[in-house]
Amino acid sequence: METSFEILRLQLREAVEECAGRGLVFAAKWAAEQLCGLSVDAQTIPSTIGVAIVKTPTVAEMATTPTLKHRLRGASRQLNADDADVEQNAATETERARRERWSRQDASEKDRVLLAKCLFDLREFDRAAYKLQDCTGPRARFLRLYSQYLSRERHLDESRTRAASDSAGQPPMPTLGADRELISIRDELEQSEKEGNLDSFGYYLLAMVLKSLGQRQLAREACVRSLSAYEYNWSAWILLESCIDPHEPMDKLSGELPGGWMRHAFFAHMLLEVFGANSTSSNSNGDEFSVHCQVLEQLFPQSQFVIGLRAVRHYNMREFEEARQLFSLLQRLDPYQLELADIHSNILYVMEDRARLSALAHRCSELDRFRPETCCVIGNYFSLRREHEKAVGYFQRALQLDQNYLAAWTLMGHEYIEMKNTAAAIDAYRHAVDVDDRDYRAWYGLGQTYEMLNMPHYATSYYMRAAALRPYDSRMWCALGNCYELSAQRQQAIECYRRALIGSAESECLAISRLARLYESTDERKLAAYYYQLLYEYALKNGAQALGVAGTAAEIAGGASALHGGQDELAAACLFLAAFENDRGRKQVAQRYLAQVIDGASSGGASQQRVDDAKAMMHSILSS
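Owing to the predicted nature of the structure, the values given are computational and were not obtained by experimental measurement.

Would you mind going over the overall build of the chain with me for this structure?
Helix and strand counts for the chain stand at 34 helices and zero strands. When burial is assessed residue by residue, the chain has 49% of its 624 residues classed as buried. Residue pairs in contact within the chain that sit at least 24 positions apart in sequence constitute 60% of those at least 6 positions apart. For the chain, the exposed area adds up to about 30300 Å²; of that, 50% sits on carbon and sulfur atoms.

Written out as C-alpha cells, the structure reads:
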C-alpha cells in the first residue's frame, strides 16, 4: 500500500518527465526542486494540514476533463439522479475513447517527437516544427506549435536588438507578421478545442498565445482549463498569476481552481507577487499567506522555494534583517543559485551593507555574467557607490538579455531620478508599466517624477494607481496626500493622511505631522491638538530624531535634505500644545510644553525662532 508521500513523490516525478518532455524546463525544474524538498522521514501527511493526496491517473488519463463552462453549467442545472448518471457515463466513455486515441497517436509519433525534442533543445525551433508538421498527436502538436511560438519570440528579440543598436534611432521593425503567426497558432489550437482534441498542455499554450495577443481574460480562462485537467504544470500557475486582476475577489478564483496542494503554492506566491506587502500587512491576507506557507513547509521542509517565499515576504514587509538572514540561508543551501539574487541585492542596498553587496556581486559575476539577475546585482552595487552612470549601464545590459525584466526597468528609472534626468526616468517607468501594469513601484516612480517636475495633477493620477495596488502601504497615501496639498485640496489631503494611518506604520509619523498642520491651517484646533499630542507622545517613546520625516520629491530634487529636523518638529508640536492649553486655562501644562522646547535648545535641532517663541510665550504666561 503506497503512502500519501509516496504517491506525491510519484506525481512529482511524472510532472518532471511530462514537462521536460515538452520543453517546459522551468516547470520541470520547479517540480524537481519540490521533489528533492519532500520530507525524508514522514510517511503520511498529517490530517491537520488539510490536504489529501490521492493516487491520480497518469497525464494521458488526465489529458481531458469536462470544460469549466460545462461543469459550471451542469452544476447550475437541477438534474435528477438518473439524468446525471446517464450524462456522467456518456462523458466517461467519451473521455476514455479520447485518451486511448491520443495514446495511440503519441506512440506512433514517438520517434519523430524524440528527434524534434533534440532539435528543440538545440534551439533549432523552426527545424523542430518542420519535423512535426504532419503529426496530429497532442504531444507532437504542442511541441510543434510551441517551437513556432518560441521562434517568433526569438525573431522579435533580434529585431529589437537591431533597432536598439541603430545609430539613426529608427523605430523597431513592424510586428504584423509576428502577430499573424500568433493568430495562426491560436486558430489551430481553438480548432483543436472545438474538435475535442486539446489536452491540458494545449490549453496552456493557448493561454500563452492569448496573453501575447492582449486577451488577458480569455488567457485566464484557458489557464483554469489547463489546471483543471492537470495541476502539476507550475508554468501554467505562473501564467494564471500574470492574468489575474488584483481587484478580483480571492474566493471567486479559489472556487475555479483544483483542490490539490498546488493551490497552496500558487496562493502563497500570488499573495507576494500580485498583492505584495500590503496584503501581508492586512490581518486577513497575512493570515492567509501563513496558512498556505505552513502547508508547504510541512510537505516540503527542505524546499528552497518555500524558504524563498518567506524571505520575499519579509522583504515586502520591509523587515530587512530577517529577509537577509533567509537569503543567506538560501545561499548556503545552494551557492550556485542566482534566482532571487536581485531581491537579495535590493535588501543589501537598502541596508547600505556595501561589503555584503560587493561579495554578492562578485559571486554572481563569477557564476554567470550574462544573467539578468547578475547585471541587476552589479547595478545595485554601483548605485550604492553613487556611480549612477555605471549602474544604468548594467541595468541596460540586463534588459538586452531580457526585454521584459521588470526589476531592471524600475531600478533604471530610480537611477535616472538620482541623475535628475526626468525624461529618461519617465520612459523607464512607462516601459515597466508596459511589462506589468500591476507593478506599483513603476506607478509610484512616475508619481515621484511628475512631482519633481511640479506637476501635481499628473503625479496625483499615478499615485492613485499605486495606492489602488497597495491600499495598505502608507507611503502611497502620504505621497497622494502631499500632491493634494500642493493642489490646495486640503480635505482630500486630510482623507489620504488618515487613510495612511490604517496601513503600515512606516509613514505613521509623517501622516500624523501632516494632519496636525492641516487641521491647524483650517483652524480646527481640537483636532490639530489631538494629532500634535500623538506626535509628542511618539517623540517621547521613540526619541525626537524619530520625528524626522522624508521631504517631498520636489524638495529632494531641489537639493534639500531628505530629512527634516526631528527636534524642530517636536518644538512646533510643543508650541501649539502650549498655546492650546494656555487658552483652556491650563497654564502649568502649557509651561511644561514650553520648557520642553527651551530645555532642548542646547541639544540643537530646533530653530532659534522656535526657541525665541517659546521664551516669549513663557514670559507672557508667567507675567499674567
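Let's pick the thread back up.
Quick question: what am I supposed to make of the confidence of the model for the chain here?
Any region with low pLDDT has predicted coordinates that should not be read closely. In the predicted model, the chain carries a mean pLDDT of 83, and the fraction of residues at 70 or more is 81%. Predicted confidence for residues 54-82 stays below pLDDT 50, and this span has 39 contacts to residues more than four positions away or in other chains. Low pLDDT, under 50, characterises residues 554-564; the predicted model gives this stretch 18 contacts beyond four residues in sequence or across chains.

Explain the packing of aromatic side chains to me, please; I cannot follow it from the model alone.
Two descriptors summarise a pair of aromatic rings, namely the distance from one centre to the other and the angle between the planes of the rings. Inspection of every chain in the model, using the stated rule, returns 26 aromatic pairs. Between the aromatic rings of tryptophan 30 and phenylalanine 305, the centroid separation amounts to 5.4 Å while the plane-to-plane angle is 80 degrees, which identifies the pairing as edge-to-face. You can see tryptophan 30 sitting in helix 2 (residues 25-36) and its partner phenylalanine 305 sitting in helix 17 (residues 304-316), a full 275 residues away along the chain. Here tryptophan 30 matches phenylalanine 305 in class, with each residue buried. Arranged with centres 6.1 Å apart and planes meeting at 55 degrees, the rings of tyrosine 232 and tryptophan 261 form a pair that is tilted. In this pair, tyrosine 232 is assigned in the loop between helix 11 (216-229) and helix 12 (234-242) and tryptophan 261 in the loop between helix 13 (250-256) and helix 14 (262-273), connecting sequence segments 29 residues apart.

Looking at this structure, how should I read the nonpolar core?
With 89 residues, the main nonpolar core has Met412, Leu446 and Tyr532 as its most contacted residues. Ranked by the residues each element gives to this core, the list is headed by helix 32 (residues 566-583), at nine residues. With residues near it in sequence (within four places) discarded, methionine 412 still touches Val392, Phe395, Gln396, Leu399 and Ala428. Leu189, Ala265, Cys293 and Phe300 belong to the second-largest nonpolar core, a separate cluster that totals 85 residues.

What am I meant to see in the side chain of serine 513 here?
With respect to the secondary-structure elements, serine 513 resides in helix 29 (residues 508-521). At 3.0 Å, the side chain of serine 513 and the side chain of glutamate 569 are in polar contact. Filtering out sequence-adjacent residues up to four positions away, serine 513 remains in contact with Leu535 and Glu569.

Would you mind showing me how to read helix 28 (residues 490-500) here?
Every α-helical turn comprises 3.6 residues, leaving residues that sit three or four positions apart pointing alike. The complete set of buried residues in helix 28 reads Ala493, Ile494, Cys496, Tyr497 and Ala500. In a view along the axis of helix 28, the buried residues occupy a sector of 165 degrees, so they form one face of it.

Is there a simple way to think about the environment of asparagine 482 in this case?
In this fold, asparagine 482 is placed in helix 27 (residues 474-486). Taking the C-alpha atoms as reference points, asparagine 482 and alanine 493, 11 residues apart in sequence, are found 6.7 Å from one another.

Each value, and the rule that gives it
Residues numbered from 1 in each chain as written. Predicted model: local features only at pLDDT ≥ 70, side-chain atom pairs only at ≥ 80, totals over all residues. Heavy atoms only, no water. Helix = DSSP H or I, 4+ residues; strand = E, 2+ residues; numbered from the N terminus. Buried < 20%, exposed > 50% of the residue type's maximum accessible area, 1.4 Å probe, protein only. Contact = heavy atoms within 4.5 Å. Areas by Shrake-Rupley, 256 points an atom, 1.4 Å probe, with all protein chains shown as cover. pLDDT = per-residue confidence, 0-100. Phe/Tyr/Trp six-rings, centres within 6.5 Å; stacked < 30°, edge-to-face > 60°. Core = buried A, V, L, I, M, F, W, Y, C linked by side-chain atoms within 4.5 Å. Polar contact = N/O pair within 3.5 Å; in protein donor to acceptor, adjacent residues only side chain to side chain. Arc of directions from axis to C-beta.

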